[in-house]
Amino acid sequence: VMALCQNLQIIFGSSMSEHYTSQFVSLFLEENIPVDVILPVAQYYTSLGEYSPAYIIKVIRSWQKKYNFTSGKEVDEYLALQQQRNEVYEKVCSIFGLDISKLKTSEKTIINRWQEKYNMSFDMIEESYIRAGSLAGIAYCNGILKNWSQKGYKTPKDLESEISNITQSKRNIDSQDDLIIKNITNIPVFTD
């Protein structure tokens, strides 16, 4: 308990009120949240500079309920994933011309899927944006990227083969149409 309190004072840069100190101690003693889970979360949020001890305590409880962290290593891995995701959000917002602060949770979930499930590069994300034209949006481009993922396309070069196949299919259809038209024009017309 003493080590927890001393580390929290270092993290917050000053001694905390008795109220917040007792709440952090309660996380450890009464809620059985390991100290090496409490401290990295507190460190992370204080490094962002905008969060109160009350907010950080709330986050620790929420994360513990949701993720059931048992070690600081798990928290560090989660925070590293969050940092990586934030960098992806910034890049995607740059491609789409969006304000990252207005990105919805549902949109973040979709963007996570692009990289973590579909393994799409930023080149492919940008290509989906370009091809979507006036319909370009996170949800619409998700449909494009999902389709490409199902077809195994991972690079813009893979898309060249798709265009080639579509062009060849169109040529085949046009040839069949020409043949049908030619045969129709050669049909004798009977009159009474």
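This structure is a prediction, so every number in the text was calculated from the model and none was measured.

S.K.: Could you give an account of the overall build of the protein, naming the residues involved and the relevant values?
M.R.: Within the protein, the regular secondary structure consists of 9 helices and 0 strands. Listing the helices and strands of the protein from first to last along the sequence gives α-α-α-α-α-α-α-α-α. Relative to its full complement of 192 residues, the protein shows a buried share of 31%. Sequence separation of at least 24 residues holds for 58% of the intrachain contacts in the protein that already meet a minimum separation of 6.

S.K.: Any chance you could break down the nonpolar core for me, citing the residues and the numbers?
M.R.: Among the nonpolar cores identified, the biggest contains 24 residues, and Leu8, Phe24, Leu27, Ile38, Val41, Ile60 and Trp63 are the most heavily contacted of them. For this core, the elements supplying multiple residues, two or more each, are α1 (2–12), α2 (18–29), α3 (35–48), α4 (53–67) and α5 (72–96). If you tally residues by element for this core, the top one is α3, at 6 residues. Residues Tyr89, Cys93, Ile110 and Ala132 belong to the second largest nonpolar core, which totals 22 residues.

S.K.: Could you give an account of helix α7 (residues 122–132), with specific residues and numbers?
M.R.: When we look at burial in α7, the residues that qualify are Met124, Ile125, Glu127, Ser128 and Ala132. All buried residues of α7 lie within an arc of 160° about the axis, which places them on one face of the element. Looking one or two residues beyond α7, the residue adopting positive phi is Gly133, at roughly 60°.

S.K.: Tell me about the packing of α5 against α7, and name the residues and values.
M.R.: Running from N to C, α5 and α7 cross one another at 30°; their axes reach a closest spacing of 10 Å. Classed by the angle they form, the pair α5 and α7 counts as roughly parallel. As for the relative orientation of α5 and α7, their crossing is right-handed in sense. Between α5, through Val88, Lys91, Val92, Ile95 and Phe96, and α7, the contact on the second element is made entirely by Phe122, Ile125, Glu126 and Tyr129.

S.K.: Account for the packing of aromatic side chains, naming residues and giving values.
M.R.: Under the criterion given, the structure shown has 13 aromatic pairs. For the pair Trp63 and Phe69, a centre-to-centre distance of 6.4 Å together with 75° between the ring planes defines the contact as edge-to-face. We classify Trp63 as buried; its relative accessible area is 11%. Under the relative-accessibility criterion, Phe69 is labelled buried at 6%. For the ring pair Phe69 and Tyr78, a centre distance of 5.8 Å and an interplane angle of 55° mean the geometry is tilted. Residue class for Tyr78 comes out buried when judged on its relative accessible area of 14%. An aromatic cluster is present here, built from Tyr44, Tyr45, Tyr51, Tyr55, Trp63, Tyr67, Phe69 and Tyr78 joined pairwise through their rings. It is Lys91 that lies over the ring of Phe122; its NZ or CZ is 5.1 Å from the centre.

Procedures and definitions
- Residues numbered from 1 in each chain as written.
- Predicted model: local features only at pLDDT ≥ 70, side-chain atom pairs only at ≥ 80, totals over all residues.
- Heavy atoms only, no water.
- Helix = DSSP H or I, 4+ residues; strand = E, 2+ residues; numbered from the N terminus.
- Buried < 20%, exposed > 50% of the residue type's maximum accessible area, 1.4 Å probe, protein only.
- Contact = heavy atoms within 4.5 Å.
- Core = buried A, V, L, I, M, F, W, Y, C linked by side-chain atoms within 4.5 Å.
- Arc of directions from axis to C-beta.
- Axes fitted to C-alpha atoms, helices over the stretch in contact; angles between N-to-C directions.
- Parallel < 35°, antiparallel > 145°, perpendicular 65-115°, else oblique.
- Left-handed = near helix turned anticlockwise from the far one by under 90°.
- Phe/Tyr/Trp six-rings, centres within 6.5 Å; stacked < 30°, edge-to-face > 60°.
- Lys NZ or Arg CZ within 6 Å of the ring centre and 35° of its normal.

Worth remembering: the numbers are spatial, not functional.
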